[in-house]
Every structure is written in C-alpha cells, then in structure tokens.
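Structural overview
Each chain, letter by letter, is given below.
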Amino acid sequence: MSSSANSPEKNKSFYITTPIYYVNARPHLGHAYSTIVCDAIARRKRSQGYATWFLTGTDEHGQKIERSAEKAGRTPGEFAAAISGEFRGLWDRMGITYDDFIRTTEPRHKRGVQQLFAELRAKGFIYKGSYTGQYCVSDEAFVEVPPGAPCPDCGRTTETISEENYFFKLSAFERRLLEFYEANPGFIQPEARRNEVIAFVRGGLKDLSVSRTSFSWGIPVPGDEKHVVYVWMDALANYMTALGYGADSPELKARFEQFWPADVHLVGKEIIRFHCVYWPAFLLAAGLPVPKSVVANGWLLFDKAKMSKSVGNIVRAETVLEVLGGDALRYFLMREVSFGHDGNFTFEALVQRYNGDLANGYGNLVSRVVNMVHKYFGGVLPDAGAMGPAEAAIAGQATETILEFGAQFEAMDFSRALETVWALVGAVDGYLTAAAPWKKKPDVTDEDFAAMQARVLATAAEAIRVITGLVHPILPESAAKVWRQLGLGEIEDAAKSGELKRLAWGGLQAGTRLNEPAPLFPRAEKDAVERMENLEKDNNLTAVAAASGTEAAVVAVAEPVVASPVVEAVKHEGIAQIGIDDFVKVELRVAQILVAERVPKADKLLRLEVDLGYEQRQILAGIAQYYAPEALIGRKVVIVANLAPRKMRGLESNGMLLAASVGDEGAPVLAGFLEDVPVGARLR
Ligand code: MSP
C-alpha cells in the first residue's frame, strides 16, 4: 500500500483522518487501534516536513444513538456528550496528536452538512420519493433483504421502513465511479478491498435514501425540517466540515483550501463501501475534489471475534496503559498486526512482545550503552576513532535500515518496518556482546582497550540514535526519553527542525554529555497478564452494577441486554454477578421445532428435533407434562446451543430449551417472541 502523499514534495501538506466513532459505546482497543495508526502516520509526516492536519472525532446522530440514549434514560445530547468526552479523554491520555476533534453535534458541522445537502439538491442530484425497505439500525444502513430477514453484513434483525424520503441519485454514478477507480488505482487500499468495491459497483447502484422522518436525532434537512439527513451523509461530511467547509471565516476557508482533499481516510474494512462508493459519489455530484485514498485496516480480534461491544469481548486501552504503558500498546498493535489484515489481541502475546522486544531488546540495549558511557567515560561520549569492519557493518546496516524503514512505513507495512529496525537492535546487541567493552583481555594494552571501548560505545550510541529517530512516531514517549539520555535534548524539536528527516549515520558528536540512565521498559512481572485480566473483569462488573447518573452508569445502561437480567437475578435470587465475558459464553439461539414426540417410559420427557438454520439437532426436554407434542410442531423457541451433549434414557440431547419457571411447581413456559424472528438468530 502507499499513501499518495508520498509523491515527492507535492505541496507538502498532508491531511489524515480516523473514522469518527459512534457514541453508543465507550472506547475500546479496536477504536484505539485506528487512532494509534493515524497518530503514528501523522507524527512521521510532520517530521518529514509536511504541514499535517490530523482529524478525529465522534459520530453522534442517528437512530442507534437515539435508542441507546433512551435506554440509558438520558437525552441524546447528554448521552453523546458523555461518551464523546470519554473518547477525547482517552486520546488525550494516550498523547494522540490530533489537530482537531469534531463532534457531529457541533454547529459548524450542522452548517456544513446543510450546505452539502442544499448543494446536491440545487444541482439536481437529490429528489423526493418514498421508500419501503429494510433498515439495519446497528449499521445505520439500508439493506436489500426481504422483510424479517437479518442484515447480510452483521446478522442483526432488520426493520421495515416505509417513509417519504429524499433520495440521492447514486445510480447516475455507476460509470463515473468505475472510471474514477480505474484512473486512481491508489484510491482504495489494500487491493482486496478495491476489488470488493469495484465488484459492488459493477453489480449495479440504486438511488440512496438520504433522509429520515421517523426519528428526529439528526441534522434537519434545510427547508424541510421534518426530515433529518441520513446519518452516513452527515458523518462522512465531517471530513470537510471540520476543515471549514460551509464556514464564512477567511481563516477557515484557507484551511479548507490547504488541506482538502484528504490524503488518507483510514477506516475499518467494514465501512469501506460508505467511504469508497457513497462519499466519492456525493463529492463528484457536488463538484468537489475526491480524497486521494481510503485505506482499510483489518479488525482487532479478541477470542477469535471482532472486538466489539455487541459481541461483548472488548478490552479497554486504559487497562494496557495502566499495566504496561502507552508505548507498549502502540508497539504491540503496530508490530503484531499486519496492517490491512485482522490481528489477534491477547494479553499473553502483548506481555511477550513487551518483555522480548522492548524490555530485553531496545530498552536493555539503551541502558547497557548509556551506563557504560557513564562508567568508563564519565558520561561524555568518546571519539569513535577509526572504524573497523564490525563498525562498518553496523553503520552499513543502519543506513539501509533508514531507507528500508522509510519505504516500509510509507507502504503502511508497519509490522515489517519495525521488524527491520529490530534487526538492527539485534545486530547492535550482538556487536556489543562480541566486542565486550567491559572485559579487558590480558594481552591487550590499556591504551588499546580504551580505544576499543570508545569505538564500540560511540558506534552503539550512534546506532541507538538512528533507531530512536526512526521509532519516534511509534514509541513517542520512550524515544523522547532516549533522546534526552543521549544528551540530544527534545526529540520533538528534532522532529520539527527537520533533523529526523535528515537522519543519517554519523550525527552524534564526540564530547556530547549523556544524561543519567533512566528506566525505559521495566520488565513486566509474572502477574502482568492476570492484572490486566482482573482490571477488565472489574470494569465489566462496575459497568453492570453502576446505577447512579455518572458516566459509568450511562455506559452500563447502554448495554441493557446484558445488564438488566443480571441485575434482576442479583436482586431476586442472590445469585452472584457475572461479567459480560461469562455471559457471552452462552450461545442462545432461535430454533424451530420440526419433530416432537414422547419418549417411551419417560413421562416427563419429549424428544424434539429442531432446526437452527445451519443445522438440525435432537434435544430432550422435560416438558411432556405441560406441552402436548403436536402443539409444539412449527413453534419457534430459544435454545442454549452450545451446551455439551448429554445422554438421557439412551438418547443424546444437544442443547436445552429456555423456559420461565412458574408457580410452586416450577411449571415451564417456553420463551418466545412477539415479532417474527429468523431461525438461527442469536440472542445477545
Ligand atoms: N461512525 C462510523 C464511522 C463513520 S466515519 C465517517 C463507525 N463507527 S464505529 O465506532 O463503529 O467504528 C469506527 C471505527 O473503529 C471502525 O471503522 C474501525 O476503524 C474501528 N474499530 C472498531 N472496532 C474495531 C476492531 N475490533 N478492530 C479494528 N478496528 C475496529 O463505524
């Protein structure tokens, strides 16, 4: 992959954006991942001399947010403000160098969205019509499935909408979009996503409904205020409204001129269609320049599934920050995940990388060298003298590393870029160990030994300077510490002055006074994994138990499907609370009964055969005294689908039916639904 801003010198401005995050849930590592990647790119671009603008923010309108707020007993405005504040607070704590944080509830955004809508309408690309079809509230997207069918993207139930809407003439852009992709091969990255988008557009585009009337939490359509603008049109426009699109002030107009179109929209792979089809179509229609690239990151997985609130498998960034620090998180995510692909997060792998690469690798190398310069040369960097073959090899590798790292980073192959630098860390480590400047051999004169120590330590220190200059965008806090220890002052100044851009072997001067060594990456203790796991458990419990009007409570009730039954159970039966991660272990699904019959010589048992959509299976249920078999055929029930099989009366039962236990006898009343639900749908 390559970012188009690589083209040499251009006009030296660079604009990068994260997706704006929905405020229906608190931030987790998946969100932190996109933000960290953008931050690292922005930091490097700045150090390469680009006037850089880095935008992030929150996506606060739409039905999903309105419903979450309602469940939390808050107004959407209060609810959105609380969670948006959490995102911003976390980015600040992580030292994210965003230049602007946009909230879609801000007046500047509303103004810009209304201008875009009016512009499209004036140009004849928006017309009024009526729409009847399926809508997925979770994805905030219209989907083409029959009524009652689940969303093809996320599997959740869709809702039938019948409304008078404004439509955008997306169908008119099929050919223009395909021509645009053809003419701009770097627009969609990586390649696999590009093919996906092209296939989608080739499959035909229908006009897109771009307003809604059945709820009001959104930006009113100018001149027809009972409509609100479709949340994706509202959200996508943030990339322009934050720069000043729709503003009157000359200062903002100038910023828009300078930075639009964006160089990189970094987005998750699941929202590529909105960014690569709808967004360029809106812009082409409005006569505005189209972004240079949309780059899709893969998903961060935890327990083999996309980390997300609805799956209930989230890990918070705060947990990692508390135990290992921000640089450890940044390093892990950028080293472990091959950018563009899905990557696994585990606490074990995190600790392993931290100890292996950071504590024992880079950190240990710096501490050995700085300590020895203090011990043998009073903290003043000696003159290296003449280079031998070993020094020439290190210098050669360092020079190559600068080039390779640069190319790999520009290609967004961050994992390989770090691997390249760590090969140099390893080489310098090996060089030190082989030279052993702490050990004087008997046949070596004092003078020769001192010259060797000077040569080796000066060479190693210079290599550390190069390594540190390179990793600065990924490990900003640690790089700043090492730069100071090397007596070079503030690395941010070096980034601003162009010193890091000119990074080349030989910059460290003899006579430089090094600062005292300070710990960089204290080794993670044995219990680090356990501590992080406990922090996550505590967090889940707090979320479930929280009841007052604090921000934590807002989040708790934003996840009511899980929170309320647990709280109820505690209240009524004194059963211990469980965390969400325990709850999600239970796979509850809708099944349809195909066969029901009595089991001979067992008056309580019925043998059922149920359909789960993806398979049929046998379940034995102790409900024969309460339900006649024939009354059950065709009925939709809820089953525990991942219960280990067990034998009863020589028959295997694969699952369990859910029923309320009623009255003194505990008579079973089967769980069911008022609405029609598809077979196999999961209950969460
Ligand atoms: N609000 C929309 C984006 C509008 S952009 C104009 C949205 N929000 S989101 O909060 O659901 O997701 C935002 C982004 O968070 C995703 O695109 C993705 O970049 C990131 N991630 C959320 N969970 C993630 C993982 N588990 N893994 C990696 N990134 C994921 O979609």
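Everything discussed here concerns the structure shown above.
So, a few notes on the structure that sits alongside this text. Model, not experiment: these values are computed from the prediction.

To continue, consider the sheet that holds strand S16 (residues 305–306). Strand order in the open sheet formed by three strands is S16-S15-S17, and the pairing between neighbours is mixed. In this open sheet, the two strands that pair with only one neighbour each are S16 and strand S17 (343–344). Here strand S15 (residues 300–302) runs beside S17; their pairing, made up of two bridges, is parallel. Within the sheet, the bridge partner assigned to Leu300 lies in S17 and is Gly343.

On to the site of the ligand. Not every one of the 24 residues close to the ligand is listed here, only the nearest: Ile20, Ser34, Asp59, Leu300 and Met307. Contact between the ligand and Gly30: a nitrogen atom at 3.3 Å from a main-chain N or O atom of the residue. Protein chains shield 95% of the accessible area of the ligand, which is 660 Å² for the free molecule. Elements supplying a minimum of two residues to the shell around the ligand: strand S2 (21–22), helix H1 (29–47), helix H7 (231–236) and helix H8 (238–241). A class-by-class count of the residues in the shell around the ligand yields 12 nonpolar, nine polar and three charged.

In terms of burial, strand S13 (residues 264–268) is a largely internal element, five of the five residues being buried. On S13, burial covers both faces: Val264, Leu266 and Gly268 on one face and His265 and Val267 on the other are all buried. Here strand S1 (residues 13–17) pairs with S13 via two bridges, running parallel. The residue of S13 that forms the bridge with Thr17 is His265. Strand direction decides the pairing type here: S13 and strand S14 (residues 294–297), joined by four bridges, are parallel. Paired with Val267 across the two strands is Ala296, which belongs to S14. Once you follow S13 into helix H10 (residues 272–286) and on to S14, the crossover reads as right-handed.

Let us now look at the pattern of salt bridges. Counted according to the given criterion, the structure contains 34 salt bridges. Salt-bridge contacts for Arg589 lead to Glu587; the nearest nitrogen and oxygen are separated by 2.6 Å. Across the pair, exposure class does not vary: Arg589 and Glu587 are buried alike.

Every buried residue belonging to helix H9 (residues 250–259) is among Arg255, Phe256 and Phe259, and all of these are buried. The buried residues of H9 occupy an angular sector of 100 degrees when projected down its axis, which confines them to one face. Along H9, exposed side chains directed more than 90 degrees from the buried face belong to Pro250 and Glu257. Contacts from the buried residues of H9 go to S1, strand S3 (51–59), strand S4 (100–103) and H8.

What counts, and at which threshold
Residues numbered from 1 in each chain as written. Predicted model: local features only at pLDDT ≥ 70, side-chain atom pairs only at ≥ 80, totals over all residues. Heavy atoms only, no water. Pairing = 2+ DSSP bridges. Helix = DSSP H or I, 4+ residues; strand = E, 2+ residues; numbered from the N terminus. Near = heavy atom within 4 Å. Polar contact = N/O pair within 3.5 Å; in protein donor to acceptor, adjacent residues only side chain to side chain. Areas by Shrake-Rupley, 256 points an atom, 1.4 Å probe, with all protein chains shown as cover. Nonpolar A, V, L, I, M, F, W, Y, C, P; charged D, E, K, R; others polar. Buried < 20%, exposed > 50% of the residue type's maximum accessible area, 1.4 Å probe, protein only. Right-handed = clockwise from strand over helix to strand, strands pointing away. Salt bridge = Lys/Arg side-chain N within 4 Å of Asp/Glu carboxyl O. Arc of directions from axis to C-beta. Contact = heavy atoms within 4.5 Å.

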